[in-house]
Each structure stands twice: as C-alpha cells, then as structure tokens.
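Tertiary structure, described
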Amino acid sequence: MSGEKEEASSFSILRIYDEPEKRNEPESSGIFSHHEPLAQSQLDRVYGTPQWALQALDRSEGQTSWLSKAEPGEAAEFSPSSLPGSESGPPCPSPPPSEEVWSFLRAVPPIADDVVRQRTPRESWKVGRLCHGKKIYAIAISSSTHHVYTCGHGYIKVWDESALHAWNKAPRAQLNFQDHQNCVLTCKLFPDEQSLITGGLSRTLTLWDLAPTPRVRAELASTGLMCYSLAISSNAQICLACFKGFVEIWDLQNQILIRKHEVPEYGSRCVDIAGNKFWTGGEDTSLYSWDLRSYQKLQQHSLHHEILSITHDPSEEWVLVGLRTSDIIILHTHRKEKFKAVIHKYIHHHNLKFASCGSYFVTTLDESIHCLAAPSLQRSFQVEESTEILCCDVSSDNQYLVTGSKNSATVYQLLY
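Scope of this entry: the structure provided in the associated data block. Each chain has its residues counted from 1, running along the sequence as written. Local features in a predicted model are, by the rule used here, given only for residues with pLDDT of at least 70; side-chain atom pairs are given and counted only at 80 or more, and totals for whole chains, interfaces and linings are based on all residues. Note that the side-chain values use all heavy atoms of the structure and ignore hydrogens as well as water.

1. Quick word on the overall build of the protein chain
Looking only at helices and strands, one finds 4 helices and 30 strands in the protein chain. Within the protein chain, the proportion of its 416 residues that are buried is 53%. For the protein chain, the accessible area works out to roughly 19500 Å², and carbon and sulfur atoms hold 49% of it. Secondary structure counts use DSSP, requiring at least four H or I residues in a row for a helix and at least two E residues in a row for a strand, with both numbered from the N terminus. Note on classification: 1.4 Å probe, protein chains only; a residue is buried when its accessible area is under 20% of the maximum for its type, exposed when over 50%, partly exposed between these limits. Each accessible area is a Shrake-Rupley result for a 1.4 Å probe, and residues are judged covered by the shown protein chains and nothing else.

Rendered as structure tokens:
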C-alpha cells in the first residue's frame, strides 16, 4: 500500500441535512429488549464497541450516515445485503448474553447518563465576548482550568470563567512575547489540559504550564521560520509541527527533536496525528498519510481543492479534512472507507473541531458556524457571525464553543 494514490472521484457522496427524518421503530428491539436500558451502553464501553462506526451500518430509510449513498462495491462488506438474513427478511436476533456476562455487567459501577449517552447540542446561546484587541489566529479553551487562551500578534490573553459570560471584562492575564514581532498562528492543548504548546512566526515552539498561573516551561528551537499547524499525540508524548516543506517530530517528554521529516513543499499547511499515522495537506490539493514509525508515505489522495484543515475523532478511527470549497472529506484511518460531504462554497477559512464525546463536530466556514452530528451529518444548529472566523475550539466538557475573529472571541454555551 506504500505510496498508493487515489483520486477524489472515488469518494462516496454524503449530504448534510437539517431536519431529523422520522423513522418507524419500536421503542426497544434486539437482544436487550427485556433487560435494563443501561446494559447495552455498559457492554459497549466494556468491549470498546465504536458506537458511531456501528451507526454507519444503519442504511435504513432516509437516514444519512458515513456509509450512506455509497458507490457500488464501496464498503460492500458493510452493506445490509451482505449481512446474514438479509435475503429472507430481517436478520435473526442473536441469543441473549449468558448469565456470566450479566453477572459481569452488574459488577460494573453505574455510569452517569451524561457519560453514557453521547449528546449532540440542539442549539447554542451567545453568552460573551472576549476583546483581544488584535486578530485571533489561534484559540483554546481548557475545562481543567476553566480558562480561554486567545493567541495572536505580540501576546496571548488569558480569560477566566467569569469572562465567558461577560461582554467587556478584562483578561485575567496578558502574556507578552519578548520578541514583539512574534505571532502565534497555532496552539494545541495537551490531553490533560494542564499545558499548551504554541507556534507561529518564530523560530521556537513554546511550551506553557497553565496551572496555577501560565508560565513558559520550555522553548523548543525549531528549524523553520513559520509554523502553520501543530498536532499532539493522544498520550502527549509526540508533537508534530508543520512548516513549509517539512514536519518536525518532537519528543515532548524529553524536549528532543526526533526527526525533520520532508513533505511536499505545498502540502504542508495542515497536520494531524492519530495512532501511528499522521496526515499532511495544503495548497497542492493532496492529502498525504505517513507511517510515524517508518516515516514512509502510505497514501496520497488527490482532492483537487486546497486543504485548509485536518482533524480526527476521539476514537482516532476517522479523519476529517476541510477543503477550500467547504467540502468535508471523511476517511477511515485503517479501512478503505472514504466519503465526501459536498457543500461547494468557496471560502477563505475552514476550521474543524471534533467534540470530545465524539457525537458531533463543529465546522466554521468564513462567517458561518455549523454543528453537525456524527455520523448522521444532521445539522444541529447554524450561527452567522459578522466577521470571518479564523479559529475555533470546543471545551472538553462539551459546554462551550469559542470562536476567534478579527479582534475578539465569541463565547457560545451549548444547549442540550
């Protein structure tokens, strides 16, 4: 599979819809119909069943999913016609779990509803504005410290929780750069949200400790002039920094540059990492996947339009790619499943951010915000701002959405 090249024409087309389509279903069905409703959720959590991957199997009438409208032969092994029992009506139910399984499930401590049920917000409420004073090129919100970090030219401003519900509150702190010409273009919170890494118009990547008060922990001397994008592994051990023509691979624990990895010069605007693979893309319209262990190119997808953003879902099974045309490419990280949500609207800025719960993601297209359920692609809400949105983030507790624009950040509370 090394270096395999695929064309965008081979992508199955999905659609985004606004209204939920009614489905005639019994209130309960399947092997858990006579047992406590929590059992299925607990069983899924115990055995690690990827819920939204299972939802992709659902091709029932009108229900859009990652696998809807698939081309002939595309993901055929997952189509209902290939499942046992499809030729003679509904599939036969499996036998109920054994008593040993139920005994094990009863021993599992109860899980709160807000943890088990992956919710999608039904709307948003604009609750505050953070006056940064200059363009906000990167933004992060930490549920751990309950602070928002707005990044741009010359400084980073830190906003505490009380500022999220205000319109003209002063920042808790302003972190001025020693070099006033320094500009942060990208930032990433660590998984524990206790640290932040920033990059931009500087020959250094800066590591920040956020608690109890923000301070510089270390500065990593990079070899590039401008860092366009950052990505951190789920275990916080590896950081990727994207520069023109190469990606720096850093050991964050020891603060050591592992490798300067060459990539196509115009295919290095965006970077993301999931498991043992990473992806790059940019102006040359191709999405590249690389092996993080051998550094070999695995695949190249010709998308025919400039790539503006790359992100992945919490399970690290799916990668989403935002294009200049507003279209969203959806790829499985291991299988050959690939889809395109077509919008066809030429834009300047396209940001993608997956919620930590995995049930929805946010995409910003210039002045528009769209919250889309995963995997159905049902639009939960859409908001229009007055200026172009340059960046966005969703809090890990799924309570807040923040967007950065010309000289301020807007705070939205997500309503369920």
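2. Section: the state of the cysteines
Note on terminology: disulfide denotes any pair of cysteine sulfur atoms within 2.5 Å. If you walk through the whole model with that rule in mind, you get 0 disulfides. Among the cysteines around Cys183, which has no disulfide bond, Cys151 carries the closest sulfur, lying 9.5 Å off. The class of Cys183 is buried, set by a relative accessible area of 3%. Just so you know, Cys391 is unpaired, no disulfide at all, and the nearest cysteine sulfur is the one on Cys392, 7.4 Å from it. For Cys391, a relative accessible area of 6% gives the class buried.

3. A closer look at empty space enclosed by the protein
Taking a probe equal in size to a water molecule and rolling it over the atoms shows the remaining empty space. Grid points spaced at 1 Å and placed over the protein atoms alone form the basis of the search, with a cavity being a set where a 1.4 Å probe fits but cannot get out and a pocket an open set showing protein on both sides within 12 Å along at least five of seven lines. Lining residues have an atom within 4 Å of a point. Grid points are joined across faces, edges and corners, and a volume is the space filled by probe spheres set on the points. Tallied over the entire structure, the rule returns 1 cavity of 30 Å³ or more. A volume near 50 Å³ is recorded for the largest cavity. What lines the largest cavity is Phe177, Asn182, Val184, Thr198, Gly199, Gly200, Ser202, Thr204, Thr206 and Trp208. Of all the elements in the fold, those that place two or more residues in the lining of the largest cavity are strand 9 (195-200) and strand 10 (204-209). Considering only residue class, the lining of the largest cavity consists of 3 nonpolar, 7 polar and no charged. Charged residues are taken to be Asp, Glu, Lys and Arg, nonpolar residues to be Ala, Val, Leu, Ile, Met, Phe, Trp, Tyr, Cys and Pro, and polar residues to be all remaining types, Gly included.

4. Observations concerning the environment of Ser12
Relative to the assigned elements, Ser12 resides in strand 2 (residues 12-14). Expressed as a C-alpha distance, the spacing of Ser12 and Ile329, which sit 317 residues apart in the sequence, is 9.7 Å.

5. Describing the pairing of strand 9
Across the 6 residues that make up strand 9, a large majority, 6, are buried. Burial along strand 9 is two-sided: Ser195, Ile197 and Gly199 and Leu196, Thr198 and Gly200, pointing in opposite directions, are all buried. The antiparallel pairing of strand 8 (residues 184-189) with strand 9 creates a hairpin that spans 5 residues between the two strands, and Glu193 there sits at a positive phi of about 60°. Examined bridge by bridge, strand 9 and strand 10 share 4 bridges and lie antiparallel to one another. Each bridged residue has a counterpart across the sheet, and for Ser195 the counterpart in strand 10 is Asp209. At least two bridges found by DSSP between two strands are what make those strands a pair. Hairpin connection between strand 9 and strand 10: a loop of 3 residues separates the two successive antiparallel strands.

6. Looking at the pairing of strand 25 (residues 360-365)
Of all 6 residues making up strand 25, 6 are buried, and the element is well covered by its neighbours. Burial along strand 25 is two-sided: the face carrying Tyr360, Val362 and Thr364 and the face carrying Phe361, Thr363 and Leu365 are both buried. In the sheet, strand 24 (residues 350-354) pairs with strand 25 via 5 bridges, with the strands oriented antiparallel. By the bridge assignment, Phe354 is partnered in strand 25 with Phe361. The turn linking strand 24 back onto strand 25 is made up of 5 residues, and Gly358 within it adopts a positive phi angle of 80°. In the sheet, strand 25 pairs with strand 26 (residues 368-373) via 6 bridges, with the strands oriented antiparallel.

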